[in-house]
Amino acid sequence: AQDVDRFIAKPAAPIVLVHGSDAGLVRERVEALIKSSVESPNDPFSVARIESEELAANPGKLADEANTVPLFGGRRAVLLKISSRHNVLPSVEAVLDNPPQDCRVIIESGELRKSAPLRALCEKAKAAAVMGNPFILIGMGVGYLVTALAFNIVFRVYLVRDLWAKVAATTV
């Protein structure tokens, strides 16, 4: 958790893919990245928000926004929200080939498998970083283990109680 907080405070890469099955955690990390990337996160001139549907109609929009010079100086951020199955790979590849200097590109997505093209592309690129939430899988595994152990204990108690009840009934 400290590594994630440290990375969010000072991201090393100009392009960050944030994905995961926990939409609230993904959204929280994205907002923290935006706050650490620009001076005023609510300023529409500092943060450009793009939906994946927009890139289907205009694939060059991501590169245009990422390379736009800030009107009043400072840094900019571009948030690309992947909310559909539109192909955004050409747009992301263009930005990865020519990473922006004064802009952070943040890509927000739901859970992406290791074989997902967008995740694979960002993991291979030197200008990108990928933030997922593998701890949810670990937490689920621990939860299942605890549940199995609890059921095991309960079953043993009932079986032993029933066994002793039968032994007591036969010896009387």
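Model, not experiment: these values are computed from the prediction.

(A) Representation of the pattern of salt bridges within the structure. Within the structure shown, the criterion is met by six salt bridges. Two residues, Arg27 and Glu31, come together in a salt bridge whose shortest N-O distance is 2.5 Å. Of this pair, Arg27 and Glu31 are both found in helix H2 (residues 23-37), four residues apart, which corresponds to roughly one turn of the helix. The class of Glu31 is partly exposed, set by a relative accessible area of 27%. Between Arg119 and Glu123 there is a salt bridge, with its nearest N and O atoms 2.9 Å apart. Here Arg119 pairs with Glu123, and both are found in helix H6 (residues 117-124), just four residues apart, close to one helical turn. Exposure remark for Arg119: the relative accessible area of 14% places this residue in the buried category. Its relative accessible area of 36% is what places Glu123 among the partly exposed residues. Linked by salt bridges that have partners in common, Arg27, Glu31 and Glu108 make up one network.

(B) Seen up close, the nonpolar core. One finds Ile15, Leu62, Leu80, Val92, Val105, Ile107 and Leu118 to be the most contacted residues of the largest nonpolar core, which totals 24 residues. Of all the secondary structure elements, the ones that give two or more residues to this core are strand S1 (15-19), strand S2 (47-51), helix H4 (61-66), strand S3 (76-81), helix H5 (89-97), strand S4 (103-109) and H6. Here Ile15 is in contact with Val95, Leu96, Pro100, Val105, Ile107, Ala127, Ala128 and Ala129, once residues within four sequence places are set aside. Formed by 16 residues, the second largest nonpolar core is a distinct cluster that contains Ala13, Val16, Ile34 and Ile106.

(C) Spatial organisation of a nonpolar patch on the surface. Taken together, the side chains of Val160, Leu163, Trp164 and Val167 define a hydrophobic patch exposed on the protein surface, amounting to about 400 Å² of accessible area. As for its placement among the helices and strands, Trp164 is situated in helix H7 (residues 135-171). By relative accessible area, Trp164 is classed as exposed at 57%.

(D) Representation of the side chain of Glu108 in the model. You can see Glu108 is positioned in strand S4. Of the residues examined, Glu108 reaches a relative accessible area of 7% and is grouped as buried. Ignoring anything within four residues of it in the chain, the contact list for Glu108 reads Val18, Val26, Arg27, Val30, Leu79, Leu80, Lys81 and Ile82.

(E) Region of the structure containing the side chain of Ser46. Among the structural elements, Ser46 can be located in the loop between H2 and S2. Look past the residues within four positions of Ser46 in its chain and what remains in contact with it is Val38, Ser40, Arg75, Arg76 and Ala77.

(F) View of H2. Along its 15 residues, H2 runs 21 Å from first to last C-alpha, staying within 8% of the 21 Å computed at 1.5 Å per residue. N-capping of H2 is provided by Asp22, with a side-chain oxygen placed 3.2 Å from the backbone N of Gly24.

(G) Region of interest: the sheet that holds S3. Read across the open sheet, the five strands follow the order S2-S3-S4-S1-S5; overall the sheet is parallel. With one partner strand each, in any of the chains shown, S2 and strand S5 (128-131) form the two edges of the open sheet. Each neighbouring strand pair of the sheet contributes to a mean axis angle of 15°, computed without reference to strand direction. Sheet contacts for H2: S1, S2, S3, S4 and S5; angle to S4, the most-contacted strand, approximately 175°.

(H) Examining the environment of Lys126 more closely. Examined against the element boundaries, Lys126 turns out to sit in the loop between H6 and S5. Placed 27 residues apart in sequence, Lys126 and Pro99 show a C-alpha to C-alpha distance of 9.8 Å.

Rules of the game
- Residues numbered from 1 in each chain as written.
- Predicted model: local features only at pLDDT ≥ 70, side-chain atom pairs only at ≥ 80, totals over all residues.
- Heavy atoms only, no water.
- Salt bridge = Lys/Arg side-chain N within 4 Å of Asp/Glu carboxyl O.
- Helix = DSSP H or I, 4+ residues; strand = E, 2+ residues; numbered from the N terminus.
- Buried < 20%, exposed > 50% of the residue type's maximum accessible area, 1.4 Å probe, protein only.
- Core = buried A, V, L, I, M, F, W, Y, C linked by side-chain atoms within 4.5 Å.
- Contact = heavy atoms within 4.5 Å.
- Patch = residues over 30% accessible without salt bridge, like charges linked within 9 Å, V, L, I, M, F, W, Y side chains within 5 Å.
- Areas by Shrake-Rupley, 256 points an atom, 1.4 Å probe, with all protein chains shown as cover.
- Expected span 1.5 Å × (residues − 1).
- Polar contact = N/O pair within 3.5 Å; in protein donor to acceptor, adjacent residues only side chain to side chain.
- Pairing = 2+ DSSP bridges.
- Axes fitted to C-alpha atoms, helices over the stretch in contact; angles between N-to-C directions.

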